[in-house]
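Summary of the model geometry
Below are the chains, spelled out letter by letter.
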Amino acid sequence: MQHHHRRYNPEEDERKRNERYLLMTQTPVKKLVLKMSGPTIISMLVTSLYNIIDAAFVGHISTEATAAVGVSFAYMTFINAFGFFFGHGSGNFISQALGARNYSDAEKMAATGFLSPFIFGAIAGILGLIFLTPLSRAIGATPDIISQSNDYLFYILIGTPFMMSALTLNNQLRLQGNARYAMIGITSGAVLNIILDAILIYGFEMGVTGASLATLISQFISWIILLIGTRMKGNVHIKLKNFSPTLEHYKQILDGGLPSLCRQALACISTICLNHSAAIYATQGHEAATIAAFSIVSRCMMFAFSIVLGIGQGFQPICGFNYGAKLYARVRESYTFTISIMTVFLLFSAILGFIFAPNIISFFRNEDPELIAIGTRVLRWQCVSFPLIGLSTATNMLLQNLRKTVPATILSMCRQGIFFLPILYIAPLFLGLQGVEMTQAIADVFTFMLAIPMAVKVYKTMSQ
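Keep in mind that this is a model prediction, so the values were computed, not measured.

This part is about helix α13 (residues 357–364). Side chains of residues three or four places apart in an α-helix project in the same direction, reflecting 3.6 residues per turn. Within α13, the full set of buried residues consists of Ala-357, Ile-361 and Phe-364. Summarising the axial view, the buried residues of α13 lie within an arc of 50 degrees, below the 170-degree limit, and thus occupy one face. Where α13 is buried, its residues contact α3 (29–59), α11 (287–324), α12 (328–355) and α14 (369–385).

What follows covers the confidence of the model for the protein. Residues of the protein with pLDDT of at least 70 account for 98%, and the chain-wide mean is 88. The secondary structure element of the protein with the lowest average pLDDT is helix α1 (residues 2–7), at 42, and the one with the highest is helix α17 (residues 420–431), at 95. This stretch, residues 1–6, has a pLDDT under 50; its non-local contacts, to residues over four places away or in other chains, come to 1 contact.

As for its position among the elements, Ile-221 is in helix α9 (residues 207–229). Spatially, the C-alpha atom of Ile-221 lies 8.2 Å from that of Ser-188, the residues being 33 residues apart in sequence.

Take the pattern of salt bridges next. Scanning the entire structure with this criterion turns up 6 salt bridges. Between Lys-239 and Glu-107 there is a salt bridge, with its nearest N and O atoms 4.0 Å apart. Here the residue Lys-239 occupies a position in the loop between α9 and α10 (247–281), and Glu-107 occupies one in helix α5 (residues 103–130), the gap between them amounting to 132 residues. Arg-415 serves as the salt-bridge partner of Asp-444, at 2.6 Å between the closest nitrogen and oxygen. Placement of the pair is Asp-444 in helix α18 (residues 433–461) and Arg-415 in helix α16 (residues 405–418), with a sequence separation of 29 residues. Neither Asp-444 nor Arg-415 differs from the other in exposure class; each is buried.

Attention shifts here to the packing of α10 against α11. Helix packing geometry: the angle between the two helix axes and the distance between the axes. Across the interface, α10 lies against α11 with an axial gap of 8 Å and an inter-helix angle of 145 degrees. Relative to α11, α10 is oriented so that their crossing is right-handed. Residues Leu-274, Asn-275, Ala-278 and Ala-279 of α10 form the contact with α11, whose own contacting residues are Glu-287, Thr-290, Ile-291 and Phe-294.

With that settled, the discussion passes to the nonpolar core. Judged by nonpolar contacts, the single largest core of 131 residues is most densely connected at Phe-294, Phe-386 and Leu-398. Per element, the largest residue contribution to this core is 20 residues, and it comes from α11. Apart from the residues lying within four places of it in its own chain, the contact partners of Phe-294 are Leu-274, Ala-278, Ile-374, Val-378, Leu-433, Val-436 and Glu-437. In this structure, Leu-196, Leu-200, Leu-213 and Ala-214 belong to the second largest nonpolar core, which totals 5 residues.

The next subject is the environment of Leu-421. Mapped onto the secondary structure, Leu-421 falls in helix α17. In this structure, the C-alpha to C-alpha distance between Leu-421 and Leu-226, residues 195 residues apart in sequence, is 36 Å. Beyond its immediate stretch of four places on either side in the chain, Leu-421 contacts Leu-266, Ile-269, Ser-270, Cys-273 and Gln-416.

Turning next to unusual backbone geometry. With a phi angle near 60 degrees, Lys-326 is a residue other than glycine that sits in the positive phi range. According to the relative accessible area criterion, Lys-326 is exposed, its value standing at 60%. Although it is not a glycine, Arg-403 adopts a positive phi angle of roughly 60 degrees. Position of Arg-403 relative to the elements: it lies in the loop between α15 (389–401) and α16.

What counts, and where the lines are drawn
- Residues numbered from 1 in each chain as written.
- Predicted model: local features only at pLDDT ≥ 70, side-chain atom pairs only at ≥ 80, totals over all residues.
- Heavy atoms only, no water.
- Buried < 20%, exposed > 50% of the residue type's maximum accessible area, 1.4 Å probe, protein only.
- Helix = DSSP H or I, 4+ residues; strand = E, 2+ residues; numbered from the N terminus.
- Arc of directions from axis to C-beta.
- Contact = heavy atoms within 4.5 Å.
- pLDDT = per-residue confidence, 0-100.
- Salt bridge = Lys/Arg side-chain N within 4 Å of Asp/Glu carboxyl O.
- Axes fitted to C-alpha atoms, helices over the stretch in contact; angles between N-to-C directions.
- Left-handed = near helix turned anticlockwise from the far one by under 90°.
- Core = buried A, V, L, I, M, F, W, Y, C linked by side-chain atoms within 4.5 Å.

Next up, the structure:
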């Protein structure tokens, strides 16, 4: 133990924390947003690039394999939901505590925020393994893809506690203003995943099981790297003795994390409903191709959206720190700048996506003309409304960071829930499969319309 105490230097830690405080509260805002979002954009991009490459690898196995992994994506969204819930809930608290220079509260929250998803993830993974086939059916696996869906889910379920708590660590590090370590942890896992995909799917001819095992190994390595990152100087160290699962701590996590949980949980539910709708309205015999087409488009949109999320995640710690330090003008300026760069990027992506839709879809699976035709239509519909997402995303992140839990939660539930689910039910009754294809675009328009008055209101409150 002596050795450990000699290495730990409180003065050095204090100096690093003061440097971080000055960086967050005095650097010109536009420069700071770009500086902070650089590493988060890279980590989001690499993660979704891994999703794209994973889908492309699996796409070369068969249409059924693509559909099976697409269906299993709903369970991955469940892992994300709780990883982000604990990560944003504890991370937002930590960033405001650091802004107010309250370090002991930050340390207790870090330990509680990290261990809770690990325990919860272990329980979820064990239950999933016990009820594997019913789980596959529930998330939308049709009889022709159920065995491949089970194969893919097996290792993902084993990795659940590591994946969930790694996401939490990533968000805690990022919201402390240390996006670089967060980026290293997440990107190293994603790069390793791509390499292992190639080795296990092709080298060992393990098919879908190989893709799943690659994910488990790389996510575990990523978890270890992130855990080491919390030991670096200036970061809030995670110590088991600080684990304090009190009602007050969970209330704080709920306040800061509920919007993320609702957004991701609804993304999970809407993915399941979309899988079921795609199978119901597909032309006879093309169910797997239709499910696969929707799953490919959702990964493409996630790839573009990951850059938007990266910009927003760069904005969040700036917002938290400056709000905690009562520097409201800096919060306002960073918010408007964030919206403008998000919107410009989204407009550019939408134009490219619309023009090159058939090429993008056939990159994943060019042997199935029905899949390419459906995928092209779905992608083009989504590109139509894509530029509107910037305002609603930035506003949602602002409300969440200011701990305005109710409006943040409502807004976060719109795009893939409050508007999405009723439209997904109603539109296909009149338009068949085309109704399913248009659902996301219509939901985005409604979400944008709701975000405008919320944005105006919260902006005014910070002008006083």
